[in-house]
Amino acid sequence: MDDERVTIYDVARAAEVAPSTVSRAFSRPGRVSAATHAKVMAAAKELGYRTSAPAAQERAHRHQRLGIEIPDLTNPYFAEIVSGMQEAAQEHGYLLLLLDSVEDEEREKASLESAVDVVDGVVLSGSRLSDATLNHLTKRLPVVVLNRRVAGLDSVTPDYEHGMTQAMAHLVEQGVRSVTYVAGPVNSWSDGERWRAARAVGKANGLSVHRHGPYPPTATGGEQAFAEIKELTDAVICYNDLIAVGFLVSALRAGVTVPGELSVMGHDDIPLTRFIGGGLTTLVTPKRAQGRAAVERLIRRIENPSAHRTPVEGALPVRLVPRASTGPRTTT
């Protein structure tokens with residue numbers, strides 16, 4: 001096999017061990033048994049796998065830790081993503097260092113700066129930093145971005161347009177003619193993508209689509225959004241479920257009939273949404289799979305960077321979960 005194309009994953013399959021075991025066999029042979037080390041070395045020799053001196057030197061200083069940045073630890077959406085990350089990291093022999101930026105750009109910068117020298121790479125989940133800042137960071141260590149695309153970086157993102165297509169088709173079936181998108185953080189990449197998809201798909205379905213916001217991605221943000229809206233449309237699609245919950249509860253308190261007068265939809269399918277107002281209609285990605293995919297992609301880049309020179313972009317499916325907060329309009 002051509003040496004340029006042989007990776008530790010090829011060696012792992014041939015030796016019938018985990019990729020992380022192959023990595024340890026080369027970088028820290030004392031951490032694997034003599035029999036395992038011999039099996040890995042034999043497989044590597046047969047396949048023609050060789051580590052370059054710089055790469056081997058880099059691996060010799062591994063921390064076996066991954067930095068995981070999230071914008072809000074209190075948001076239930078991230079719990080399942082981090083759970084998937086934890087599973088994948090443990091399978092490959094890595095620990096996670098969790099960095100909570102609390103939706104603060106300066107705190108995110110400070111957290112990443114403090115982590116650079118103690119982790120082997122980072123996954124940025126919903127980063128609020130600029131593309132230029134992220135590209136500078138990737139010169140210092142491997143980076144994968146989640147819920148965002150940045151030129152030159154590996155990424156894992158939901159297929160927002162496909163999700164919004166399902167959402168608009170569902171609302172049209174309920175007799176909806178006008179929709180408001182209640183926006184999240186102004187510097188959120190995913191918010192911009194959701195709004196662009198809502199506007200384009202809504203127009204294609206003959207709907208009048210408006211934007212209201214931005215608002216904090218919290219239930220309080222949803223309450224504020226309802227209080228400040230001047231005129232209700234037939235339906236609202238919120239940036240996330242927390243905003244949708246705040247908006248929905250405020251609407252019910254104000255005597256608005258849901259879904260007869262107003263359909264409400266969110267994003268993320270957090271557990272709380274199943275119990276509010278008979279259940280919140282939402283758009284959901286496979287969160288655990290999303291977390292796993294990001295960590296596995298990061299580990300591949302850490303353990304064999306020469307075999308992964310070209311950044312990879314991956315889109316995950318988005319699924320509509322209809323519940324009681326959307327339904328046929330009973331008013332005109």
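Residues numbered from 1 in each chain as written. Predicted model: local features only at pLDDT ≥ 70, side-chain atom pairs only at ≥ 80, totals over all residues. Heavy atoms only, no water.

### Focus on the sheet that holds strand S11 (residues 313-316)
Here 6 strands make up an open sheet; going across it, the order is S2-S1-S3-S4-S5-S11 and the pairing parallel. Because the sheet does not close on itself, it has two edges, and the strands there are strand S2 (95-100) and S11. The sheet shows a mean angle of 15° between the axes of neighbouring strands, taken without regard to direction. Sheet topology note: the strand S4 (residues 143-146)/strand S5 (residues 154-158) ladder contains 3 bridges and is parallel. Note that in S5 the partner of Val144 across the bridge is Asp154. (Pairing = 2+ DSSP bridges. Helix = DSSP H or I, 4+ residues; strand = E, 2+ residues; numbered from the N terminus. Axes fitted to C-alpha atoms, helices over the stretch in contact; angles between N-to-C directions.)

### Here's the deal with the pairing of strand S7 (residues 208-212)
Regular strands have side chains that alternate between both faces of the sheet. Where strand S6 (residues 178-182) meets S7, 5 bridges bridge the pair, whose relative direction is parallel. What sits directly across from Val179, in S7, is Val209. What joins S6 to S7 is helix H9 (residues 189-204), and the crossover it makes is right-handed. (Right-handed = clockwise from strand over helix to strand, strands pointing away.)

### As for the sheet that holds S7
The sheet built from 6 strands is open, its strands ordered S7-S6-S8-S9-S10-S12 with mixed pairing. Edge positions in the open sheet fall to S7 and strand S12 (319-321), since each of these has one partner strand only. The mean inter-strand angle of the sheet, taken between neighbouring strand axes irrespective of direction, is 20°.

### Overview of H9
Over its 16 residues, H9 extends 23 Å from the first C-alpha to the last, a length consistent with the 22 Å expected when each residue adds 1.5 Å. Within the sequence span of H9, burial applies to Trp189, Ser190, Asp191, Gly192, Glu193, Arg194, Trp195, Ala197, Ala198, Val201 and Gly202. The secondary structure elements touched by the buried residues of H9 are S5, helix H8 (160-173), S6, S7 and strand S9 (263-267). Just beyond H9, the residue with positive phi is Gly206, at close to 75°. (Expected span 1.5 Å × (residues − 1). Buried < 20%, exposed > 50% of the residue type's maximum accessible area, 1.4 Å probe, protein only. Contact = heavy atoms within 4.5 Å.)

### Describing the packing of aromatic side chains
Here the structure, examined in full by the defined rule, presents 4 aromatic pairs. Ring plane angle 70° and centroid distance 5.0 Å describe the contact between Tyr77 and Phe78, whose orientation is recorded as edge-to-face. The exposure class of Phe78 is buried, given its relative accessible area of 8%. Taking 5.3 Å as the distance between ring centres and 85° as the angle between the ring planes, the aromatic pair formed by Phe226 and Phe247 counts as edge-to-face. Placement of the pair is Phe226 in helix H10 (residues 219-228) and Phe247 in helix H11 (residues 241-253), with a sequence separation of 21 residues. Accessibility expressed as a relative area gives 0% for Phe247, which makes it buried. Its guanidinium or amino end placed over the ring of Tyr239, Arg194 lies 5.1 Å from that ring's centre, counting from NZ or CZ. (Phe/Tyr/Trp six-rings, centres within 6.5 Å; stacked < 30°, edge-to-face > 60°. Lys NZ or Arg CZ within 6 Å of the ring centre and 35° of its normal.)

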